[in-house]
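Listed below are the residues making up each chain.
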Amino acid sequence: MTATLTGLASLQYHYANRLAAAREAHAAGRRVVGTIGNTVPRELIMAAGLFPVLVAAEPGASTPTAEIYMEPVIAPETRALFELAVGGQLEFLDLLILSRPFSQLYYYLKEVHRLGRAPHLPALHMFDLMQSQRDAVKVYNTRQLQALRDRLAPFSEADLDESRLDAALALTENARARQRELLDLRWRGVVPGVDALQAIAAGYFMAPDAYADALAGYIADLSSAPPVNHPRLLVLSSEPLSHPHLHAAVEEAGALVVAEDDWWGARAAGAATPPQGNSPMERLLNRYWLESATNGVWPADARERWFREAASRDDTDGVVFYLPPSDHQLGWDYPRLKKWLDSINKRSVLIRDEARVPASRAAIANRVREWLNQ
Amino acid sequence: MTMTQAERDASRRRHEEQTQLEVTRTLRTYQREWFARLRSEVFEQGKPYVIGGALVPHEVFEALDLPFITDVWYSGLVAARRQSAYYSNYLSQQGYHEGLSRYGALGLAVLMDEDNPDKPWGGISKPALVVNSIGDRGSDVLAEISGAIRVPIEMPVLARPYPNWWEMSRWNWEDLDGTDRIDVMLEQYKDLVAAAERVAGKRLDYDRLREILDRVNEQEGYFDEVRTIIATAEKLPARLGEVMSQTMGIQWHRGTEWALSQARAFRDEVKYRADNAMWVCPNERYRLMYVGAGLWQNLDFFTEFEERYGAVFVRSNYLSIASDGYLRYGTKDPLRALASRYCTVSEQMHIPGLGGAWALWEAQRHRVDGGLSLGAWWGQRIINVHLEEHGIPVLDFPVDPVDANSWDDTKMRNLVSEFIEKRVAPAQAARK
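A few points on the structure. (Residues numbered from 1 in each chain as written. Chains lettered and ligands numbered in written order. Predicted model: local features only at pLDDT ≥ 70, side-chain atom pairs only at ≥ 80, totals over all residues.)

Describing the overall build of chain A
Secondary structure summary: chain A contains 15 helices and eight strands in total. Rg of the C-alpha trace for chain A: 20 Å, near the compact-globule value of 21 Å for 374 residues, within the 12% margin. C-alpha extents for chain A along the principal axes are approximately 60 × 50 × 45 Å. When burial is assessed residue by residue, chain A has 51% of its 374 residues classed as buried. Partitioning the intrachain contacts of chain A with sequence separation of at least 6 by distance along the chain shows that 74% fall at a separation of at least 24. (Helix = DSSP H or I, 4+ residues; strand = E, 2+ residues; numbered from the N terminus. Rg over C-alpha atoms; globule rule 2.2 N^0.38 Å. Buried ≥ 20, exposed ≤ 12 C-beta atoms within 10 Å, placed from the backbone. Contact = placed C-beta atoms within 7 Å.)

Overview of the overall build of chain B
Each helix and strand in chain B was counted, giving 18 helices and eight strands. For chain B, whose C-alpha radius of gyration is 21 Å, the value lies close to the compact-globule estimate of 22 Å for 432 residues. Reported as C-alpha extents along the three principal axes, the dimensions of chain B are approximately 60 × 50 × 40 Å. Relative to its full complement of 432 residues, chain B shows a buried share of 54%. Taking the intrachain contacts of chain B between residues at least 6 apart in sequence as the baseline, contacts between residues at least 24 apart amount to 76%.

Regarding the sheet that holds strand 4 (residues 149-153) of chain B
Residues and elements named next belong to chain B. One open sheet accounts for four strands, arranged 2-1-3-4; its pairing is parallel. One side of each edge strand has no neighbouring strand; the edge strands of this open sheet are strand 2 (68-70) and strand 4. Ignoring strand direction, the axes of neighbouring strands in this sheet form an average angle of 20 degrees. Pairing between strand 3 (residues 129-133) and strand 4: five bridges, direction parallel. (Pairing = 2+ DSSP bridges. Axes fitted to C-alpha atoms, helices over the stretch in contact; angles between N-to-C directions.)

Some thoughts on unusual backbone geometry
Looking along the chain, the bond that leaves A:Trp298 and enters A:Pro299 is cis, with omega of 10 degrees. Here A:Pro299 is to be found in the loop between helix 12 (280-290) and helix 13 (300-312). Even without glycine at this site, A:Asn345 takes up a positive phi of about 60 degrees. Inspection of the secondary structure puts A:Asn345 in the loop between helix 14 (330-343) and strand 8 (347-351). Notably, B:Arg367 is not glycine yet its phi reads approximately 55 degrees, a positive angle. Its place among the elements puts B:Arg367 in the loop between helix 16 (354-365) and strand 7 (370-374).

What to know about the interface of chain B and chain A
Across the boundary between the two partners, chain B contributes 34 residues, which contact 40 residues of chain A. Those elements giving two or more residues to the side of chain B that touches chain A turn out to be helix 7 (137-146), helix 9 (179-200) and helix 17 (380-389) of chain B. When residues in the side of chain B that touches chain A are grouped by element, the largest group, six residues, is from helix 9 of chain B. Of the residues belonging to the side of chain B that touches chain A, the class tally is 16 nonpolar, ten polar and eight charged. (Nonpolar A, V, L, I, M, F, W, Y, C, P; charged D, E, K, R; others polar.)

As for the pairing of strand 5 (residues 286-292) of chain B
Residue and element names in this part refer to chain B. For strand 5, a buried count of seven out of seven residues is recorded, marking the element as mostly surrounded by other parts of the structure. By the bridge criterion, four bridges tie strand 5 to strand 6 (residues 311-315) in an arrangement that is parallel. Bridging from a neighbouring strand, Met-289 pairs with Arg-315 of strand 6. Note that strand 5 and strand 7 share five bridges and pair parallel. If you follow Gly-292 over to strand 7, its bridge partner there is Leu-374.

Things to note about the nonpolar core
Ranked by internal contacts, the top residues of the largest apolar core, which has 255 residues, are A:Leu233 and B:Ala196. Among the elements that line this core, the one with the most residues is helix 9 of chain B, at nine residues. Non-local contacts of A:Leu233, meaning those with residues more than four positions away in its chain, are made with A:Val250, A:Ala255, A:Leu256, A:Val257, A:Val258, A:Asp317, A:Gly318, A:Val319 and A:Val320. (Core = buried A, V, L, I, M, F, W, Y, C linked by C-beta atoms within 7 Å.)

Some thoughts on the environment of B:Phe223
Residues and elements named next belong to chain B. Looking at the element boundaries, Phe-223 is found in helix 10 (residues 206-232). In sequence terms Phe-223 and Ser-320 are 97 residues apart; their C-alpha atoms lie 7.8 Å from each other. Discounting chain neighbours no more than four positions away, the residues touching Phe-223 are Thr-247, Ala-263, Leu-319, Ala-322 and Ser-323.

Thoughts on the packing of helix 8 (residues 162-187) of chain A against helix 9 (residues 193-201) of chain A
Residues and elements named next belong to chain A. For the pair helix 8 and helix 9, the least separation of the axes is 11 Å and the interaxial angle reads 175 degrees. Judged by the angle between their axes, helix 8 and helix 9 are roughly antiparallel. Contact with helix 8, carried on its side by Gln-179, Leu-182 and Arg-186, involves Ala-196, Ala-199 and Ile-200 of helix 9 and no other residues of that element. Class assignment of the residues belonging to the contact of helix 8 with helix 9 gives a composition of four nonpolar, one polar and one charged. (Parallel < 35°, antiparallel > 145°, perpendicular 65-115°, else oblique.)

Quick word on the sheet that holds strand 5 of chain B
Sheet strands pair by backbone hydrogen bonding; their relative direction is either parallel or antiparallel. All names here are of chain B. Spatially, 6-5-7-8 is the arrangement adopted by the four strands of the open sheet, whose pairing is parallel. Both edges of this open sheet fall to strand 6 and strand 8 (394-397), since each of them pairs with a single strand only. Pairwise comparison of adjacent strand axes, ignoring direction, gives a mean angle of 30 degrees for this sheet. Both strand 7 and strand 8 contribute to a ladder of four bridges, which runs parallel. Along strand 8, the bridge assignment pairs Ser-373 with Asp-396.

Rendered as structure tokens:
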């Protein structure tokens, strides 16, 4: 079915049916490795001849089992992932690799598995790549990457050698280059934020070459699209935007989301300059350690560099701070960042409603609309 | 609302009347003297000092003669003055929303609220060094407004959780925590030592650090004895509020000669009371435990349930983690021993699997009839499930440990009464 879809339709299909490509690969006899979070180097999985797929929460899905075991303090995304895994939907994976921001999920899954209450879980691996940009963690991160390579070895369908790693890096870089083209189009005002978010994130669920082709098709379709004259907003979210609901509400209010400081959106493409390093492993390490957009990046200068550059652009009309009730970190930065935005005459609005909840979306749209009209 | 002077005097009198341990009085005296010294040398004369979380190696600062206060201890101090609601609101007014944890952030609020003359014990001055976990953005704010050095700590994930961790933690810590994890903590501690040396203006003496660690081990050994006495005595010999205050009061000064001597006196007094059948509640019927945090904002709250129901609290995390989490024998490389301790410390109390196994072992050891789950730590619910499934009812107590805004006296009283009558009593009867 997916073969008949092209361009945005294909990307939207895979965004909505996040495990579809992986299931197709599995049905065709390929081994599939799931990843949770954006700091797991999918190139390593590809180089091993395996099919990588990001395992992401189903937006808005109910989480009755998570309610039993998890506290309200646990982020909705983590709860949804727990539900997905315990419910057996990931059983077809040969391995599920969790990244550091999802360490809590790892612990919960390990425990329910130990208790015999999650018999359909795939094998788990914790990839603990620390995100602070300090020499103190470099050796640990290097060891983590090597441990992941060793963990993949028994599943590998090919020798995981340097040339295969280089080839995998080139493949993902090609997809990233297409994403950067789309990002440029967003700043030109020709791409709705909701569509852009889906087009970018589909890359986590598709094979890189198929994804690059579909994205290239979408970009070609956009070549004659006229720019819309809506206020251009940048989104800074306290939690990964694995759903388009916030964008939909903001754009319903008459704005255009041109970028978001989030790995589900504008930060997926990474820097245009290839990662540095003397070997493919070192380049891989530097890409995922030093370039990933996560809440764990420290110091704040490194974490906020991209945001500050994007917010400072002349064509950014304002910033939406999205701090839903699950926030326990960005709220500490909010007063400082707002003060900075005020100092450079950039408007901002704070959204605290949960965009995943349908009833809240109208309130978000109203809040943004009022703010835009001020 | 903060307390009036009359309310503070009344609270002090009530504390005094309910005090059963002599070491509680000696602790208060020491704390007053220590705080007066801190106030004079640090807050007034400007000697540089360190603020950090509970999970940082205080021993390094002790070895460098660098004054240190713990953010959660200070928050507890503010809460004890019934000023937590005021300062929590103050943070909200500054734009830090109510969903952000106030547990360790009240010191930040006191520092920011420069114009308020009614600061707890005169307030604090700006620290020179702020050490806390990397995710604690409140500490980033504190360091920024203070112009302090900020050293973040990243704890490595425990890839292979071992449920009965307390069996290995004292001697087999290299195996328990894993070499890679200890190594990365050690690397970060080297950065911490370098920063602390800059602030202290002198180099760290590792022999002195080792002596301090050995003293800490001896102190935690006394706590271990206290726990055993409480767990095995016929009835509870010391009220839990006093035990918690004593434990943490000593912990914040661990490594000092005073802390060691106070811990020994604590052990001696609890032992004496147990040996002489001096029970907190002679009519003891139900033994309860804290799961998670303690109710620091209102430590006296549960005393009335002793009279009404014969219900006593026998166990909290604070005393038990002091020995199970802190003891690290084999201090040839003292910084490595510290690195091992802090790989998982505190988290093992609530990491799913580890927290549940420990809580159940503790509950059974202390002959607990019911638990009171307090605080919103992740992993707590699975502990509660684990306890419930082993016949120990748990009440999810919906208050913040330090934020008095969340307190509703009548509601809380009814909740606990109902819990004892409808859950604890039947569960105990069923067991018997």
